[in-house]
Amino acid sequence: MTPGQSSPPETGPSPRKLARGLRNEPISGLMLLSSLWLFVGAWIIGYPFTEPAVDAHLIEILVGVVVFCVALARLIRPRGWVSDVLVLAGGVWLFVAPFVVSYGDTAAADAARVNDITVGCVLVVLSALPLAIALTASRAGRSADSRPASPRGGRRCS
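**Regarding the nonpolar core**
1) Next: If you look at the biggest cluster of nonpolar residues, it comprises 23 residues, and the most contacted ones within it are M31, L94, Y103 and L123.
2) Next: Elements with a minimum of two residues in this core: α2 (26-45), α3 (51-76), α4 (81-100) and α5 (107-145).
3) Next: The element best represented in this core is α3, accounting for seven residues.
4) Next: Ignoring any residue separated from it by four or fewer positions in sequence, one finds L94 in contact with L38, I59, E60, V63, D116, I117, V119, G120 and L123.

As structure tokens, this is what we get:
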């Protein structure tokens, strides 16, 4: 390279493409596994067939269906931040439900509470992480786009 020439533009995937890949495959896969756990967890844990336990399982099934559909859609085609907000709302509801809805006073009900709070926390993290990644990638993309061009038309490397 001769003096006065700018270095070639950086090659490789942009921060937005890297973030999109991370948001769509591993995180969506973990969301899918969490939703499957919500479907079968009641039988594995052994919820009793009392009305409060049925209410807990119904909440889990409803949130599981929403998370399953969102995760499957995210795996098929990249989705925006709305999918993350839906999963975040489901996770928050799972976390709050044991305190709002009576699950009963048995040991199995305690297991249902722990299960819902745990899966709710997992879903909150799995939805907040892609939102944070997207925000960071968006900021990185904007800062890369706002760098002034060199006199020869190429981007300056810092």
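Moving on, there is more to tell.
**Observations concerning the packing of α3 against α4**
1) Next: With their axes 10 Å apart at the nearest point, α3 and α4 run at an angle of 160° to one another. By the criterion of interaxial angle, the relationship of α3 to α4 is roughly antiparallel. As for how α3 packs across α4, the hand of that crossing is left-handed. On the side of α3, the interface is formed by I59, E60, V63, V67, V70 and R74, while α4 contributes S83, D84, L86, V87, G90, W93, L94 and A97.

**Describing α3**
1) Next: Relative to the 38 Å expected for 26 residues at 1.5 Å per residue, α3 spans 37 Å between its end C-alpha atoms, a close match to the ideal helical length.
2) Next: Listed as buried for α3 are A53, A56, H57, I59, E60, V63, G64, V67, V70, A71 and R74.

**Some thoughts on a nonpolar patch on the surface**
1) Next: On the surface, a cluster of nonpolar side chains totalling about 460 Å² of accessible area is made up of V66, W81, V82, V85 and L86.
2) Next: Relative to the assigned elements, V85 resides in helix α4.
3) Next: Judged by its relative accessible area of 35%, V85 is partly exposed.

**Structural notes on the pattern of salt bridges**
1) Next: Scanning the model with the defined rule gives two salt bridges in all.
2) Next: Between D84 and R74 there is a salt bridge, with the nearest N and O atoms lying 2.2 Å from each other. With a gap of ten residues between them, D84 in helix α4 and R74 in helix α3 connect regions that are remote in the sequence. For the pair formed by D84 and R74, the shared burial category is buried.
3) Next: Residue D110 pairs with R113 through a salt bridge whose shortest N-O separation is 2.6 Å. Placement of the pair is D110 and R113 together in helix α5, with a separation of three residues, close to one helical turn.

**Quick notes on the confidence of the model for the protein**
1) Next: Residues of the protein with pLDDT of at least 70 account for 73%, and the chain-wide mean is 78.
2) Next: Of all helices and strands in the protein, the one with the weakest mean pLDDT is helix α1 (residues 15-24) (54), whereas α4 scores best (91).

**What about the environment of L62?**
1) Next: With respect to the secondary-structure elements, L62 resides in helix α3.
2) Next: Here the alpha-carbon distance between L62 and G90, two residues 28 residues apart in the chain, equals 8.9 Å.

**Section: the side chain of S127**
1) Next: Positionally, S127 belongs in helix α5.
2) Next: Classification of S127 by relative accessible area gives buried; the value is 0%.
3) Next: Side-chain polar atoms of S127 contact the backbone oxygen of V124, separated by 3.1 Å.
4) Next: Residue contacts for S127: discarding those within four places in its chain leaves M31, D84, V87 and L88.

The rules we used
Residues numbered from 1 in each chain as written. Predicted model: local features only at pLDDT ≥ 70, side-chain atom pairs only at ≥ 80, totals over all residues. Heavy atoms only, no water. Core = buried A, V, L, I, M, F, W, Y, C linked by side-chain atoms within 4.5 Å. Buried < 20%, exposed > 50% of the residue type's maximum accessible area, 1.4 Å probe, protein only. Helix = DSSP H or I, 4+ residues; strand = E, 2+ residues; numbered from the N terminus. Contact = heavy atoms within 4.5 Å. Axes fitted to C-alpha atoms, helices over the stretch in contact; angles between N-to-C directions. Parallel < 35°, antiparallel > 145°, perpendicular 65-115°, else oblique. Left-handed = near helix turned anticlockwise from the far one by under 90°. Expected span 1.5 Å × (residues − 1). Patch = residues over 30% accessible without salt bridge, like charges linked within 9 Å, V, L, I, M, F, W, Y side chains within 5 Å. Areas by Shrake-Rupley, 256 points an atom, 1.4 Å probe, with all protein chains shown as cover. Salt bridge = Lys/Arg side-chain N within 4 Å of Asp/Glu carboxyl O. pLDDT = per-residue confidence, 0-100. Polar contact = N/O pair within 3.5 Å; in protein donor to acceptor, adjacent residues only side chain to side chain.

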